[in-house]
Amino acid sequence: MMSQTLNVDQIRKDFPILSRRLHGNKALVYLDSTATAQKPVTVIRAMEDYYNQTNANIHRGVHTLAEEATAAYEGARERIAKFIGARHAREVIFTRNTTESINLVAYSWARKNLVSGDVVILTEMEHHSNLVPWQILADERGIRLEFIPVTEEGELDLLTYQNLLELRPKLVAFSQMSNVLGTINPAREIIEMAHRAGAVTLIDGAQSVPHLPVDVQQLGADFLAFSAHKMCGPTGIGVLYGRRDLLEAMPPFLGGGDMIKRVTLRSFSPNELPHKFEAGTPAIAEVIGFGAAVDYLIQMGMNNIAAHEHAITRYALDRLSEISGLKLIGPSAEKKGGVCAFTMEGIHPHDIAQLLDREGIAVRAGHHCAMPLHQRYGLPATTRASFYLYNTFDEVDLLAEALERAKELFG
Amino acid sequence: MDDLYREVIIEHYKNPTYRGVLDPHDISFEDENPLCGDQIRIDLRVNDAGVVTEAAFSGHGCAISQASADLLLESIVNKPLEEVKKISKQDLLDLLGLENLGPVRLKCALLSLKVLKAGIYGLGETDDLLVEEEE
Ligand SMILES: Cc1ncc(COP(=O)(O)O)c(C=O)c1O
């Protein structure tokens with residue numbers, strides 16, 4: 001079976017790690033891109049070139065290396081801004097990851113704008129990184145948290161959401177794509193409804209930005225958080241996109257070098273955007289690697305990537321549901337991205353993952369940083385296989401066959 | 001398919017001897033592994049001489065954690081608590097017949113021992129230090 005949209009054989013050659021063999025010469029079958037994606041050679045090389053040729057601290061130096069490093073760093077910001085459809089590059093703030101981006105909003109925007117009794121709406125399918133920062137705030141400030149329920153099929157219950165909006169929430173924060181169910185939530189509709197109720201919105205884009213075309217203007221997004229490492233880029237670098245007027249009105253997050261315009265012994269005035277939120281020497285090589293990752297994704301085409309993952313997910317759901325005793329959670333293929341979480345009767349997810357590993361197949365087992373969602377389904381843990389642009393239909397077959405063997409062993 | 005899943009482990013996982021709860025009990029403790037959600041509770045009955053007379057475990061988790069709990073309890077019944085306190089990480093791994101467990105699965109294997117020791121010492125919570133003594 002071949003994908004119509006991407007030349008996957010060619011793409012696989014761009015990822016050195018995919019030719020790795022393990023456990024007695026078994027080809028690596030990497031089905032854990034939801035946790036972190038593999039990196040194409042262009043990303044690895046961009047970072048290596050930077051260290052070999054350019055390395056210098058940015059922004060204040062006038063020597064050649066510093067000029068080049070600054071240009072490369074800011075150039076990456078511009079390409080990333082364009083990639084998500086931002087109006088201005090200054091709306092792209094570099095952070096360490098999605099988690100830090102969400103915390104930035106919780107510490108800076110929320111502490112300025114929310115008072116005791118204010119309502120924040122989240123959903124039952126959130127990753128811990130879009131729960132715990134708000135729980136900390138709730139404890140500290142008396143903020144009230146409400147949750148959009150998840151239906152048995154793994155979708156958000158928008159009728160209940162409509163009712164919750166009558167509480168006049170100040171913020172609605174939700175993930176655009178679930179890292180467990182794979183559900184692609186109707187972000188534009190959720191945001192429109194929130195705006196009509198007067199709320200600001202935050203999208204956890206950790207899964208959507210790597211896998212779907214995402215345009216902040218088209219979505220009407222106020223804040224969008226995402227991580228480079230899930231979209232073929234390096235670890236340690238992420239983005240908070242914020243609408244310019246919101247960012248302008250926010251107090252700084254961390255204080256230090258780079259984020260100031262002027263400092264006296266007793267006071268400072270903050271720098272302008274985006275530097276106001278980027279205190280200290282940033283992850284320069286990682287930003288440059290991130291820029292290369294975005295270039296790579298653009299070259300492949302986000303629509304093509306989404307279509308390929310859609311096809312492979314549909315095939316995986318078919319193959320997996322043929323296995324007796326295997327139960328998938330999440331909606332049907334039309335409504336989800338390339339994430340398949342499941343349980344198998346009589347075998348714990350950990351054991352499944354371990355047995356698959358011995359065949360060279362990398363999947364994840366556990367609660368995937370979404371304990372409340374697992375509680376919602378009464379499951380302590382699930383096994384999760386996830387797909388990206390480099391995965392093949394053959395790999396899905398290998399997965400299904402290995403699961404049959406695991407079943408036999410425990411049978 | 002796998003040396004980790006030797007018969008003894010699958011057998012103790014599927015047909016554990018010591019699964020259950022003891023009510024009343026003299027010692028009971030429960031904890032979970034936050035990484036994977038594995039959860040184990042261990043109940044003991046101990047006589048006046050300080051010897052374990054009955055033991056049971058409950059909870060849920062992977063084959064390694066559950067088989068480890070069953071084998072561990074099998075090894076402590078009719079033993080004095082003082083001796084049970086001396087069981088080391090290596091003793092348990094020997095019981096399981098496992099070597100070269102990676103850091104993640106090691107936590108699964110050792111959860112029962114942590115719970116057992118925290119219960120015997122009457123601690124409020126488990127601690128990795130309980131199973132990380134001398135190597
Ligand atoms: C939906 C979702 N949100 C947030 C995160 C956190 O991302 P990071 O660990 O890069 O901050 C993840 C990553 O697992 C995720 O899948």
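Computed from a predicted model, the values in this text were never measured in an experiment.

Colleague: Looking at this model, I keep getting lost on the environment of Arg-96 of chain A. Mind explaining?
Modeller: Residues and elements named next belong to chain A. If you trace the backbone, Arg-96 turns up in the loop between strand E4 (92-95) and helix H4 (98-113). Each C-alpha atom, one on Arg-96 and one on Ala-283, is 8.2 Å from the other, the two residues being 187 residues apart in sequence. Setting aside chain neighbours within four positions, we find Arg-96 in contact with Gly-236, Ile-237 and Gly-238.

Colleague: It is not clear to me how the pattern of salt bridges should be interpreted in this structure. Could you clarify?
Modeller: Where charged atoms from two side chains of opposite charge come close, those side chains can pair. Under the criterion given, the structure shown has 30 salt bridges over all chains. The partner of Arg-319 of chain A in a salt bridge is Asp-397 of chain A, and the shortest N-O contact between them spans 2.5 Å. Here Arg-319 of chain A, found in helix H12 (residues 302-321), pairs with Asp-397 of chain A, found in helix H15 (residues 393-410); they are 78 residues apart in sequence, far enough to count as distant. Residue Glu-54 of chain B is joined to Arg-45 of chain B by a salt bridge in which the shortest nitrogen-to-oxygen separation is 3.1 Å.

Colleague: When you look at the packing of helix H13 (residues 349-357) of chain A against helix H5 (residues 103-120) of chain B in this model, what are you seeing that I'm missing?
Modeller: How two helices sit against one another is set out by the angle between their axes and by the gap between those axes. Viewed as axis vectors pointing N to C, H13 of chain A and H5 of chain B meet at an angle of 140°, and their least axial separation amounts to 12 Å. In terms of crossing hand, the pair formed by H13 of chain A and H5 of chain B is left-handed. Within the contact between the two elements, H13 of chain A uses His-350, Asp-351 and Gln-354 of chain A and H5 of chain B uses Val-104, Arg-105 and Cys-108 of chain B. A breakdown of the residues in the contact of H13 of chain A with H5 of chain B according to their chemical character gives two nonpolar, two polar and two charged.

Colleague: Any chance you could explain the interface of chain B and chain A here in plain terms?
Modeller: Where interface size is given, it is often the accessible area lost as the parts come together that is meant. If you look at the interface, chain B gives 21 residues, while chain A gives 19 residues. Summed over both partners, the interface of chain B with chain A buries about 1,600 Å², with 59% contributed by carbon and sulfur atoms. Remark: the boundary between chain B and chain A carries one salt bridge. The shortest N-O distance in the salt bridge between Asp-351 of chain A and Arg-105 of chain B comes to 3.2 Å. Linking chain B with chain A are eight residue pairs in polar contact (both at pLDDT 80 or more), by the criterion used here. Elements represented by at least two residues in the side of chain B that touches chain A include exactly helix H1 (7-14), helix H2 (63-76) and H5 of chain B. Counted by class, the side of chain B that touches chain A contains 13 nonpolar, two polar and six charged residues.

What counts and what doesn't
- Residues numbered from 1 in each chain as written.
- Chains lettered and ligands numbered in written order.
- Predicted model: local features only at pLDDT ≥ 70, side-chain atom pairs only at ≥ 80, totals over all residues.
- Heavy atoms only, no water.
- Helix = DSSP H or I, 4+ residues; strand = E, 2+ residues; numbered from the N terminus.
- Contact = heavy atoms within 4.5 Å.
- Salt bridge = Lys/Arg side-chain N within 4 Å of Asp/Glu carboxyl O.
- Axes fitted to C-alpha atoms, helices over the stretch in contact; angles between N-to-C directions.
- Left-handed = near helix turned anticlockwise from the far one by under 90°.
- Nonpolar A, V, L, I, M, F, W, Y, C, P; charged D, E, K, R; others polar.
- Buried area = accessible area lost by both parts, 1.4 Å probe.
- Polar contact = N/O pair within 3.5 Å; in protein donor to acceptor, adjacent residues only side chain to side chain.

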